[in-house]
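Secondary and tertiary structure notes
Spelled out from the first residue to the last, the chains are:
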Amino acid sequence: MQDASCKTIKEMQDASCEKEFVMRSPSLFSCVVLSLVFSGACLLQAIQQAGRMAPPLDDSFIHLQYATRLAEGHFWSYQGQEGCTSGATSLLWPFLLAPGSLLGLHGENLYLWAVFLGALGLGFSAWYSSRWVAKFQPELAGWVGWAVLFCGPLQWGSFSGMEIGVFAAALCGLLSCWRGSMAWFWALVLALIRPEGAVLCALWAVARIWEDRAWGTLLLVLPGGTPLLISKICSHSWLSNSILTKHNPRYTQPEEFSRLWFLVNDLLIDSFGDRYFGKGGLLAVVLMALGLSQLLDQEWKARRMGEGTKGAVVLLLMMGMMAAAVGVTFHHSRYLMPSLPIFIAFYMVGADFLRRKLDLASWPLGLALGWVLVGTFGWMNAFGKNASDIGQQQMALADWIREHTPSDARIALNDAGAIPYLSQRTVLDLEGIVSPESLRWSLAGEGSVFTLLRQQKPDFIAIFPEWFPTMAKASLFKVVARAHLDKQTISGGPEMVVALLDMLAPVGLVGGRVEVAVRWVAVVPAVGVGVAEEEAM
């Protein structure tokens, strides 16, 4: 049964008294079908440019690894006989991916299941966003629905193998069915799909209690707190390792860095503007602000919390949480992508307001929609280029490691993703995302990472040398394989190497395997070791 708040778009559009062109809202079927078509086009771009089926993010493989282990009966375990680790920020996403592994999709093929789920998420995002807009400006519902469906950065995120599409669908579904029974379902999905979603779920519960005394919404506190509890058990912190890693000095801004300036300049103007809408993207930000201000003005005059207020709070919270907890904009600001439908809705409202103010026909709306459509092709090309980075670097080295190292070799690396998933080797994650024991060493700096390597004694290291400039300068690496990108688009560095840590160690490639006796350096003065006992040596 459909909720009353989610079923009358056509009636509201037909009842519009404006003598203008009203674009019909896309059906759920057309949204899903077109989304699947777009996903196929992006995959073809990836295959054409990478030479294989590759995702545009190495992080996607982390979720695939957790999902595979989950399908094998190992709860929240990343490898071997290890206990639970909090390397996956999303609690729900590996559970959604696990059925694909149970259906027989393994290795790179499991990524297809992730793309399929992401395409469903994009389709539902477009459908629900149009239904949400129909609640406050029905004549724009169709424009918004199609704009969300054709939104290039949202397509990129949905097909990346990450949880972005499902997160966006849950966000739009909750706004659309705010008081309906389906709102409970989408609030639960939000609470489990991302930490930001748990905050938004709690906000919805508070709002519902304030509006209708719906005290039952407090029942969502328990599932909403589950990811925090798992992180506390696994890493002894309420935040997952993947979030804590973002506070590495390599990523974070200097102390004098203003979070407010980051929110306005880097997130609102640069990410939502130029990055998502191309050159001249500031105009898109202006139209969004214009549309939002009109909605807020109407609602504040009526002294009620309407859709504009709800959307504004969600959008501001998404940017605020990214500025406070993450503080980075790499990977095309992917943490903002789930909120793109809200931005687009306000953007189209702003274009419509300008049209009415200038007493124009519907062509400004068509121009605004066209601006989104044109960007779709550029983002498909970016998808292919990013996939090429991952395919020709991390995935290529994963293949080399699988073919040329013993099956029991232990690999230390600083980009957990494709290498452990495809090579099927035990790894030590120097960043601490999937190896909790490494996190404190990583946060302490390069010298402490070197000390960790001396203690753990992995068989090989697979790293970006530029991430460890002091060790690279000290010639500690005996490179046995390398993958160089002529033009880096999204990878962590232009070159990634598989190496030994003692350049004097004998290396022999015998029968497709590496036989090596690693001799560990006792004292390396060139390395600023980050612990007292090493400095004293």
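The structure we're discussing is the one just above.
A brief report on the enclosed structure follows. In this text, all values refer to a predicted model and were calculated from it rather than measured experimentally.

A word on the overall build of the protein chain. Within the protein chain one finds 24 helices and seven strands. Here the contacts in the protein chain between residues at least 6 apart in sequence split such that 71% fall between residues at least 24 apart. Accessible surface for the protein chain amounts to roughly 21700 Å². Of this, 62% is attributable to carbon and sulfur atoms.

Counting 161 residues, the largest nonpolar core has Phe272, Tyr347 and Leu430 as its most contacted members. Sort the elements by how many residues they give to this core and helix α5 (residues 110-134) lands first, with 13 residues. In this structure, phenylalanine 272 is in contact with Leu267, Phe277, Val285, Leu315, Met319, Leu336, Ser339, Leu340 and Phe343, ignoring residues within four places of it in sequence.

Our next topic: the pattern of salt bridges. Using the criterion set out here, one finds 18 salt bridges in the structure. Across the pair glutamate 211 and arginine 179 runs a salt bridge whose closest N-O atoms are separated by 3.6 Å. Taken together, the residues span a long stretch of sequence, with glutamate 211 in helix α10 (residues 195-212) and arginine 179 in the loop between α8 (164-176) and α9 (181-193) at a distance of 32 residues. The class for arginine 179 is partly exposed, based on a relative accessible area of 48%. Residue arginine 275 pairs with aspartate 270 through a salt bridge whose shortest N-O separation is 3.4 Å. Residue arginine 275 is classed as partly exposed on the basis of its relative accessible area of 26%. What makes aspartate 270 partly exposed here is its relative accessible area of 27%. Here the salt bridges do not stand alone but share partners, grouping Arg52, Glu108, Asp399 and Arg402 into one network.

Residues other than glycine seldom take positive phi values, yet arginine 303 does so here, at roughly 55°. With respect to the helices, strands and loops of the structure, arginine 303 is situated in the loop between α14 (281-301) and α15 (307-326). With a relative accessible area of 79%, arginine 303 lands in the exposed category. For lysine 457, which is not a glycine, the phi torsion comes out positive at approximately 50°. Along the chain, the position of lysine 457 falls in the loop between α22 (446-456) and β3 (460-463).

Next up on the list: the environment of alanine 98. Relative to the helices and strands, alanine 98 resides in helix α4 (residues 92-102). Overall, alanine 98 belongs to the buried group, its relative accessible area being 7%. Taking the C-alpha atoms as reference points, alanine 98 and leucine 110, 12 residues apart in sequence, are found 9.0 Å from one another. In contact with alanine 98, other than residues within four places in its own chain, are Ala67, Leu70 and Ala71.

Spatial ordering of the open sheet is given by β2-β1-β3-β5-β4, a layout of five strands whose pairing is mixed. The outermost strands of the open sheet, each flanked by one partner alone, are β2 (426-429) and β4 (478-484). Each neighbouring strand pair of the sheet contributes to a mean axis angle of 20°, computed without reference to strand direction. Across four bridges, strand β1 (residues 410-413) lies against β2 in parallel orientation.

Geometry of a packed helix pair, given as the angle between the helix axes and the separation of the axes. Where helix α18 (residues 363-392) meets helix α19 (residues 394-404), the closest approach of the two axes is 2 Å, and the angle between their N-to-C directions is 20°. As far as their axial angle goes, α19 and α18 are roughly parallel. Residues Asp389, Ile390, Gly391 and Gln392 of α18 pack against Gln394, Met395 and Ala396 of α19. Class assignment of the residues belonging to the contact of α18 with α19 gives a composition of three nonpolar, three polar and one charged.

For the coordinates displayed, the defined rule picks out 26 aromatic pairs. Their ring planes at 55° and their centres at 5.1 Å tell us that phenylalanine 277 and tyrosine 347 sit as a pair that is tilted. Residue phenylalanine 277 is located in helix α13 (residues 259-277), and its partner tyrosine 347 is located in helix α17 (residues 340-357); the two are separated by 70 residues in the primary sequence. With respect to class, phenylalanine 277 is no different from tyrosine 347; both count as buried. Consider the rings of tyrosine 347 and tryptophan 371, whose centres lie 6.4 Å apart with planes at 65°: the pair is edge-to-face. Of the two residues, tyrosine 347 sits in helix α17 while tryptophan 371 sits in helix α18, which places them 24 residues apart along the sequence. Taken together, Phe272, Tyr276, Phe277, Phe343, Tyr347, Trp371 and Trp379 form an aromatic cluster joined through their ring pairs.

On to the packing of helix α2 (residues 28-50) against α5, then. At a minimum axis distance of 8 Å, the contact between α2 and α5 shows a crossing angle of 140°. The angle between the axes of α2 and α5 places the two elements in the oblique class. Viewed along their axes, α2 and α5 form a crossing whose handedness is right-handed. For the pair α2 and α5, contact is made by Leu28, Cys31, Val32, Ser35, Leu36, Ser39 and Leu43 and by Tyr111, Leu112, Val115, Phe116, Ala119, Leu120, Leu122, Gly123, Phe124, Ala126 and Trp127, respectively. The residue inventory of the contact of α2 with α5, partitioned by class, reads 15 nonpolar, three polar and no charged.

Here α17 spans 25 Å end to end across 18 residues, near enough to the 26 Å set by a 1.5 Å rise per residue. Within α17, 14 of the 18 residues are buried, which leaves it mostly tucked inside the rest of the structure. Where α17 ends, the next residue or the one after it, aspartate 359, has phi of about 55°, a positive value.

A few words on the environment of phenylalanine 346. With respect to the helices and strands, the residue phenylalanine 346 is situated in helix α17. Along the primary structure phenylalanine 346 and alanine 284 are separated by 62 residues, whereas in three dimensions their C-alpha atoms are 9.8 Å apart. Aside from chain neighbours lying at most four places away, what touches phenylalanine 346 is Trp132, Leu287, Met288, Gly291, Leu292, Leu295, Gly308, Gly311, Ala312 and Leu315.

Note on placement: proline 94 falls in helix α4. The spacing of proline 94 and alanine 67 is 27 residues in sequence and 4.5 Å in space, taken between C-alpha atoms. In this structure proline 94 touches His63, Tyr66, Ala67, Leu70, Trp76 and Ala88, once residues within four positions along its chain are discounted.

Each value, and the rule that gives it
Residues numbered from 1 in each chain as written. Predicted model: local features only at pLDDT ≥ 70, side-chain atom pairs only at ≥ 80, totals over all residues. Heavy atoms only, no water. Helix = DSSP H or I, 4+ residues; strand = E, 2+ residues; numbered from the N terminus. Contact = heavy atoms within 4.5 Å. Areas by Shrake-Rupley, 256 points an atom, 1.4 Å probe, with all protein chains shown as cover. Core = buried A, V, L, I, M, F, W, Y, C linked by side-chain atoms within 4.5 Å. Buried < 20%, exposed > 50% of the residue type's maximum accessible area, 1.4 Å probe, protein only. Salt bridge = Lys/Arg side-chain N within 4 Å of Asp/Glu carboxyl O. Pairing = 2+ DSSP bridges. Axes fitted to C-alpha atoms, helices over the stretch in contact; angles between N-to-C directions. Parallel < 35°, antiparallel > 145°, perpendicular 65-115°, else oblique. Nonpolar A, V, L, I, M, F, W, Y, C, P; charged D, E, K, R; others polar. Phe/Tyr/Trp six-rings, centres within 6.5 Å; stacked < 30°, edge-to-face > 60°. Left-handed = near helix turned anticlockwise from the far one by under 90°. Expected span 1.5 Å × (residues − 1).

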